[in-house]
Amino acid sequence: QAKERGRNRYQYYSEEINIRLMAQLDLEARLRSPLLTQSLVLQYQPIYNMQTETISGYEALVRWHQPDGSLMLPGDFIPVAEEIGVIQDIDKWVMITACSELAMRMQDHQRPLRLSLNVSPKQLRLPDYADFVAQQLQLNQLPANLLELEITERVIMQNDDQTLANIRALGELGVRLSIDDFGTGYSSLSYLQKFPFKTLKIDRSFVDNVCHNEPTQRVVDTIISMARSLNMQVVAEGIETEEQYLYLKSHGCDLAQGFYLSRPIHGVDIPAQLTA
Ligand code: C2E
Ligand code: MG
Ligand code: MG
Ligand code: MG
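Counting restarts for each chain: residues are numbered from 1 in the order of the written sequence. All chains are assigned letters beginning at A, and all ligands numbers beginning at 1, according to the order in which they are written. Local features in this predicted model are restricted to residues whose pLDDT is 70 or higher, and side-chain atom pairs enter the listing and the counts only when it is 80 or higher, whereas totals over whole chains, interfaces and linings include all residues. With hydrogens and water excluded, all non-hydrogen atoms of the structure serve as input to the side-chain values.

A. Spotlight on the layout of surface pockets. Detection works on a 1 Å grid of protein atoms alone, calling trapped sets that fit a 1.4 Å probe cavities and calling open sets with protein on both sides within 12 Å along at least five of seven lines pockets, with lining residues defined by an atom within 4 Å of a point. Grid points are joined across faces, edges and corners, and a volume is the space filled by probe spheres set on the points. Taken as a whole, the largest pocket encloses approximately 1,200 Å³ of empty space. The wall of the largest pocket is formed by 38 residues, among which Glu59, Leu61, Pro74, Asn118 and Asp180 lie closest to the centre. What counts as a helix is a DSSP run of H or I of at least four residues, what counts as a strand is a run of E of at least two, and both are numbered from the N terminus. Contributions of two or more residues to the lining of the largest pocket are made by strand 1 (40–49), strand 2 (54–65), helix 2 (78–83), helix 3 (87–107), strand 5 (147–152), helix 5 (153–157) and strand 6 (176–182). Counting residues per element, the lining of the largest pocket draws most heavily on strand 2, which supplies five residues. Residues belonging to the lining of the largest pocket are distributed by class as follows: 13 nonpolar, eleven polar and 14 charged. Gly counts as polar in this scheme, as do all residues outside two lists: the nonpolar Ala, Val, Leu, Ile, Met, Phe, Trp, Tyr, Cys and Pro, and the charged Asp, Glu, Lys and Arg.

If you want it as structure tokens, here you go:
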């Protein structure tokens with residue numbers, strides 16, 4: 001009897017593992033498909049200038065249409081895409097699509113808008129990456145300083161020569177470089193003065209706690225004043241409440257992003273948001 005139960009349990013587990021494995025293989029196969037980019041879409045989340053309370057630009061965020069009609073968020077496929085080496089194709093598509101979208105929106109909007117893109121570590125290892133970026137800017141007649149590339153601390157930590165060469169080349173092009181999710185990576189801060197970063201994005205985990213947790217407040221205050229002294233702009237990401245917004249504004253943060261201000265929206269809705 002015990003043996004019988006044991007076998008049932010084994011069958012149950014192996015079936016469950018099987019289903020998960022099949023789903024994983026299916027996901028990988030669909031990520032490898034040459035038609036992948038046809039089912040990708042971009043949404044854009046505004047970044048607000050806290051002093052003027054106007055939109056300074058948008059961050060493009062990729063989503064993936066699923067066969068069942070749902071929209072998959074990047075957290076569920078970007079890590080897999082990085083692992084199997086198709087992230088470069090995704091990020092190139094994002095760059096091409098977002099640059100042309102921005103160029104189009106700028107035509108009917110007087111004020112310049114900044115476009116922020118997330119760049120995966122693998123993208124920065126491509127020898128032709130800086131050339132590709134330069135080409136996209138030229139193709140869309142976009143000034144380099146309107147493009148901002150967000151990279152995470154783990155990119156710098158890997159200390160890869162090609163990556164460092166790309167970072168330097170992008171800086172020379174006049175493209176802005178931003179550190180995303182600042183404070184979550186374990187690294188020395190010395191890179192902040194070595195590389196031409198223009199923007200620092202305080203990770204959402206700090207913003208979450210900033211109103212009721214004194215140690216977090218001290219960390220956030222320190223990050224802001226450090227950025228100040230390095231001549232960097234500071235963005236607070238993931239602001240969900242007015243209280244968080246007001247704290248950060250009164251403590252010298254420059255820019256703000258989060259559901260409190262706006263969720264990511266479709267490109268076609270940008271003009272209406274800009275004139276609202
Ligand atoms: P991220 O660059 O730090 O982007 C911010 C994420 O926080 C976005 O999630 C955004 O929708 C979400 N968010 C913004 N405001 C709030 C808020 O107030 N509350 C909460 N709870 N969340 C907020 P999303 O779009 O799911 O993207 C997740 C991550 O996926 C991004 O984090 C970025 O690292 C990566 N990612 C997105 N698009 C791309 C892409 O085109 N290429 C690459 N390589 N990575 C991307
Ligand atoms: Mg980002
Ligand atoms: Mg971030
Ligand atoms: Mg984040």
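Text resumes after the structure shown.
B. Spotlight on the packing of helix 4 (residues 129–139) against helix 6 (residues 161–173). As a rule, the C-alpha atoms of each element are fitted with a line to give its axis, helices using only the stretch in contact, and angles between N-to-C directions run from 0 to 180 degrees. Their axes nearest at 9 Å, the elements helix 4 and helix 6 cross at an angle of 25°. As far as their axial angle goes, helix 6 and helix 4 are roughly parallel. Relative to helix 6, helix 4 is oriented so that their crossing is right-handed. Contact residues: Tyr129, Ala130, Val133 and Ala134 in helix 4; Asn166, Ala169, Leu170 and Leu173 in helix 6. Any angle from 65 to 115 degrees is called roughly perpendicular, while one under 35 is roughly parallel, one over 145 is roughly antiparallel, and all others are oblique. Should the near helix be turned counterclockwise from the far one by less than a right angle, the crossing is left-handed, whereas a clockwise turn marks it as right-handed. Contacts are assigned to residue pairs that have any heavy atoms within 4.5 Å of one another.

C. Main features of the site of ligand 1. Residues are classed as near a molecule or strand on a simple rule: at least one heavy atom within 4 Å of it. As a matter of local geometry, ligand 1 sits amid 23 residues, with Arg63, Asp91, Asn118, Glu240 and Phe259 nearest to it. Between ligand 1 and aspartate 91, the relevant distance is 2.7 Å, taken from a nitrogen atom to a side-chain nitrogen or oxygen of the residue. In isolation ligand 1 has 810 Å² of accessible area, and contact with the protein removes 83% of it. For this analysis, a molecule is said to be in a pocket or cavity if more than half of its atoms are within 2 Å of the grid points defining it. Among the cavities detected, the one that contains ligand 1 is the largest pocket. Mapped by element, the contributors of at least two residues to the shell around ligand 1 are strand 2, helix 3 and strand 6. Counting of polar contacts relies on pairs of N or O atoms within 3.5 Å, with two restrictions inside protein: one atom must be capable of donating a hydrogen and the other of accepting it, and residues adjacent in sequence are counted only when both atoms are side-chain atoms. Accessible areas in this description were obtained via Shrake-Rupley with a 1.4 Å probe; residue shielding takes into account the shown protein chains only.

D. Molecular detail of a nonpolar patch on the surface. To count toward a patch, a residue needs a relative accessible area over 30% and no salt bridge; like charges are then connected within 9 Å, while nonpolar side chains (Val, Leu, Ile, Met, Phe, Trp, Tyr) are connected within 5 Å. Salt bridge, as applied in this entry: a Lys or Arg side-chain nitrogen positioned within 4 Å of an Asp or Glu carboxyl oxygen. On the surface, Leu21, Met22 and Leu25 cluster together into a nonpolar patch covering about 320 Å² of accessible area. Turning to its location among the elements, methionine 22 is positioned in helix 1 (residues 2–32).

E. Structural context of the packing of aromatic side chains. Only the six-membered ring of Trp is used, alongside the rings of Phe and Tyr, when aromatic pairs are assigned; centres must lie within 6.5 Å, and planes under 30 degrees apart are stacked while those over 60 apart are edge-to-face, with the rest tilted. Applying the stated criterion across every chain yields a total of five aromatic pairs. Their ring planes at 35° and their centres at 6.3 Å tell us that tyrosine 129 and phenylalanine 132 sit as a pair that is tilted. With tyrosine 129 and phenylalanine 132 both in helix 4 and three residues apart, this pair spans about one turn of that helix. Taken together, a centroid distance of 6.1 Å and an interplanar angle of 80° make the contact between tyrosine 191 and phenylalanine 197 edge-to-face. The exposure class of phenylalanine 197 is buried, given its relative accessible area of 6%. Through a chain of ring-to-ring contacts, three or more aromatic side chains come together here, namely Tyr191, Phe195 and Phe197. The side chain of arginine 263 reaches across the aromatic face of phenylalanine 259, ending 3.9 Å from its centre. Exposure categories follow from relative accessible area, calculated using a 1.4 Å probe and restricted to protein chains: below 20% of the type maximum is buried, above 50% is exposed, and the middle band is partly exposed. Charge-over-ring contacts are defined here by two conditions on Lys NZ or Arg CZ: a distance within 6 Å of the ring centre and an angle within 35 degrees of the ring normal.

F. Up close: the nonpolar core. To qualify as a nonpolar core, a set must consist of buried Ala, Val, Leu, Ile, Met, Phe, Trp, Tyr and Cys residues joined through side-chain atoms within 4.5 Å. Ranked by size, the top nonpolar core spans 83 residues in total, and within it Leu31, Tyr129 and Leu149 carry the most contacts. Looking at this core, the element that brings in the most residues is helix 3, giving ten residues. Beyond its immediate chain neighbours, meaning those up to four positions away, tyrosine 129 contacts Met95, Val119, Gln123, Leu124, Leu149, Asn166 and Leu170.

G. Expanded view of the side chain of glutamine 45. Relative to the helices and strands, glutamine 45 is located in strand 1. Under the relative-accessibility criterion, glutamine 45 is labelled buried at 8%. Separated by 3.2 Å, the side chains of glutamine 45 and glutamine 257 make a polar contact. Within the structure, the side chain of glutamine 45 is placed 3.0 Å from the backbone oxygen of serine 262, a separation counted as a polar contact. Setting aside residues up to four positions removed in sequence, glutamine 45 forms contacts with Gly57, Tyr58, Glu59, Leu61, Gln257, Gly258, Phe259, Ser262, Arg263 and Pro264.

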